[in-house]
Amino acid sequence: MQEDNAQNFEDKLKMADKILEDLGKEELNLEQSLKLFKEGRELLKEARAILEKAELSIEEAGDE
């Protein structure tokens, strides 16, 4: 499960990075840009949750 979370975390960061790259393209209209921004924000929120869960697991392992 830890490996799945790590891969999921990496995937979310890669997708967010791709969205950031796409947002730099001039051919996007405002609606498209807003949609990508929201998707990127959600991906980063999910990645942060995975990271926080991993940090908690590390802290709990250190307490044992």
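Residues numbered from 1 in each chain as written. Predicted model: local features only at pLDDT ≥ 70, side-chain atom pairs only at ≥ 80, totals over all residues. Heavy atoms only, no water.

Draft legend 1. How the structure looks around helix α2 (residues 30–63). Compared with an ideal rise of 1.5 Å per residue, which puts 34 residues at 50 Å, α2 spans 49 Å between its outermost C-alpha atoms and is within 8% of the ideal. Every buried residue of α2 is accounted for by S33, L36, G40, L43, A47 and I50. Of the residues flanking the start of α2, the one acting as N-cap is N29, its side-chain oxygen 3.0 Å from the backbone nitrogen of E31. (Helix = DSSP H or I, 4+ residues; strand = E, 2+ residues; numbered from the N terminus. Expected span 1.5 Å × (residues − 1). Buried < 20%, exposed > 50% of the residue type's maximum accessible area, 1.4 Å probe, protein only. Polar contact = N/O pair within 3.5 Å; in protein donor to acceptor, adjacent residues only side chain to side chain.)

Draft legend 2. Broad picture of a nonpolar patch on the surface. A surface patch of nonpolar side chains, amounting to about 370 Å² of accessible area, comprises L20, L23, L34 and F37. Considering the arrangement of structural elements, one finds L34 in helix α2. (Patch = residues over 30% accessible without salt bridge, like charges linked within 9 Å, V, L, I, M, F, W, Y side chains within 5 Å. Areas by Shrake-Rupley, 256 points an atom, 1.4 Å probe, with all protein chains shown as cover. Salt bridge = Lys/Arg side-chain N within 4 Å of Asp/Glu carboxyl O.)

Draft legend 3. Spatial organisation of the pattern of salt bridges. Inspection of every chain in the model, using the stated rule, returns four salt bridges. Measuring nitrogen to oxygen at the nearest pair gives 2.7 Å for the salt bridge that ties D22 to K18. Remark: K18 and D22 occur in helix α1 (residues 2–23); sequence separation between them is four residues, near one turn of the helix. The class for D22 is buried, based on a relative accessible area of 14%. Close ionic contact of D22 with K25 constitutes a salt bridge, the shortest N to O distance being 3.3 Å.

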